[in-house]
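A look at the structure
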Amino acid sequence: MVQSSADSSPAKWHQAHTSWFFETFILDRYLPSYRSPDPRFRALFNSYYNSVGQQPDKALRSTFSRPSLGDVENYRRHVDNHMLELLQSPTIPAAVEELAELGINHEQQHQELLVTDIKHAFWSSPLRPIYQPAAAFAPKAATVSQRFREYPGKLCHAGSDGSSFHFDNEAARHKVYVPAFRLALRLASSGDYLAFIEDGGYQRPEFWLSDGWKAVQTHHWAAPLYWESSDSGWMQFTCSGMRKIAESEPVCHVSFYEADAFARWSGARLPTEFEWEVAAREQTVHGNLLENNSFHPWPAPAFSQNQPVQMFGDAWEWTASAYLPYPGFKPATGALGEYNGKFMSNQMVLRGGSCATPASHIRATYRNFFPPETRWQFSGIRLANDGN
Ligand SMILES: [Fe+2]
């Protein structure tokens, strides 16, 4: 039931809400014999779909002592069994197949949130519990010296070509002219970020956007979320408990404002989402993703063939791009049109997935988005610069 911030949700709620998604958008519509175990769940576990009906304040989710965890587990089984019944029927409507695929992708998003929300909850608890004692950490590695690769300016395609599953916000595929740019081959490391802190980065307004500087003052930011200064140096809270900062690991749990200020201090900038996509399209999806069960970013491997590393996994990469509809964007029809489209203001795009993202969930065209102050996700920094 623990909900340690307004951004996060209780684990029990995630389980109920992902079940609710299949019930509301598939079973209620396509399985005539379906009955909910409790019709009140329709409103209780609605996250933000106004076309479905009213929903409780997000901040109240920690007060849902009823239904019990056992009742939520039963709800889950009930929904699973009926989904199986529907998917085993001789003819499955195309809409059911599409919605089931969306439901599974929706659940993958909540699986990632489960990890980030539990991490925040455990960090908030005075006892600082450990989520995963046997976490597989990458062997200690030296920091690879940062390098940039030059990409020539060209007319590119951005967005999904529609050949495999994608969210509505990845369409329509369209042409974008991407001028020449340079992209950092690895993510910014904790050591790189430490140099920014030690150079007074958080005390020097010249590096910060106006709203970012305001956020520094308001929240008394002096380091990334989960970093703590101690007698023996900087420590960080991880899913495996408190440990020393490893300078070779990517910095993460920074806001867009911190990423942007760090980039300015570095004499660089953040990449646009299109620059990022140009570089990512050359690569297959591999990296430190959820399946590694590390739940922590790993140091960059050595570069080979001038290819950027850590494009997928480790940490979501803040881009300089505001989260906006692509030309030709059409939200899904009905209530599911609220899935992505209505959030297209005051948020920034992040790319590439993190150490909590399932490998089958991420791709070069995937657009994640968060408000610029957000820090509880595994969000990190890749630098860019203008090319020649
Ligand atoms: Fe959801």
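The structure contained in this document is the topic of the report that follows. Given the structure is predicted, the values throughout are model-derived calculations rather than measurements.

1. Digging into the pattern of salt bridges
Here the structure, examined in full by the defined rule, presents 22 salt bridges. Between Glu 249 and Arg 243 there is a salt bridge; the shortest N-O distance is 3.0 Å. When the shortest N-O distance is used, the salt bridge between Arg 382 and Glu 317 registers 2.8 Å. Of this pair, Arg 382 sits in the loop between strand 11 (379–380) and strand 12 (384–386) while Glu 317 sits in strand 8 (residues 316–322), and the two are 65 residues apart along the sequence.

2. Some remarks on the sheet that holds strand 12
If you walk across this open sheet you meet the three strands as 1-4-12, and the pairing is antiparallel. Every interior strand has two partners, whereas the edge strands, strand 1 (148–151) and strand 12, have only one. Averaged over neighbouring strand pairs, the angle between their axes works out to 25 degrees when direction is ignored. Packing against the sheet, helix 8 (residues 273–280) makes contact with strand 1, strand 4 (181–184) and strand 12, and its axis sits at approximately 70 degrees to strand 4.

3. Here we look at the pairing of strand 4
The pairing of strand 1 with strand 4 spans four bridges and is antiparallel. Pairing of Phe 148 across the sheet is with Ala 184, part of strand 4. Pairing of strand 4 with strand 12 involves three bridges; the strand directions are antiparallel. Across the sheet, Leu 183 pairs through a bridge with Ala 384, a residue of strand 12.

4. Here we look at empty space enclosed by the protein
With the rule as written, the count across this model stands at three cavities of 30 Å³ or more. By volume, the largest cavity amounts to about 60 Å³. Taken together, Lys 119, Ser 190, Leu 225, Tyr 226, Trp 227, Gln 236, Phe 237, Pro 250, Val 251, Cys 252, His 253 and His 296 make up the full set of residues lining the largest cavity. Tallied by class, residues from the lining of the largest cavity come to seven nonpolar, four polar and one charged. Residue lining of the second largest cavity: Pro 10, Lys 12, Trp 13, Ala 16, Phe 45, Arg 61, Phe 64 and Val 72, and that is the complete set.

5. What to know about the packing of aromatic side chains
In the structure shown here, the tally under the stated rule is 40 aromatic pairs. With a centroid separation of 5.8 Å and 40 degrees between ring planes, the pair formed by Trp 316 and Tyr 366 is classed as tilted. In this pair, Trp 316 sits in strand 8 while Tyr 366 sits in the loop between strand 9 (348–351) and strand 10 (368–370), placing the two residues 50 residues apart along the sequence. With a relative accessible area of 2%, Trp 316 lands in the buried category. According to the relative accessible area criterion, Tyr 366 is buried, its value standing at 4%. A cation over an aromatic ring shows up here: Arg 367 above the ring of Tyr 326, its NZ or CZ 3.9 Å from the ring centre.

Cut-offs and rules
- Residues numbered from 1 in each chain as written.
- Predicted model: local features only at pLDDT ≥ 70, side-chain atom pairs only at ≥ 80, totals over all residues.
- Heavy atoms only, no water.
- Salt bridge = Lys/Arg side-chain N within 4 Å of Asp/Glu carboxyl O.
- Helix = DSSP H or I, 4+ residues; strand = E, 2+ residues; numbered from the N terminus.
- Pairing = 2+ DSSP bridges.
- Axes fitted to C-alpha atoms, helices over the stretch in contact; angles between N-to-C directions.
- Contact = heavy atoms within 4.5 Å.
- 1 Å grid on protein atoms, 1.4 Å probe; cavity = no way out; pocket = protein on both sides within 12 Å on 5 of 7 lines; lining within 4 Å.
- Points joined across faces, edges and corners; volume = space filled by probe spheres on them.
- Nonpolar A, V, L, I, M, F, W, Y, C, P; charged D, E, K, R; others polar.
- Phe/Tyr/Trp six-rings, centres within 6.5 Å; stacked < 30°, edge-to-face > 60°.
- Buried < 20%, exposed > 50% of the residue type's maximum accessible area, 1.4 Å probe, protein only.
- Lys NZ or Arg CZ within 6 Å of the ring centre and 35° of its normal.

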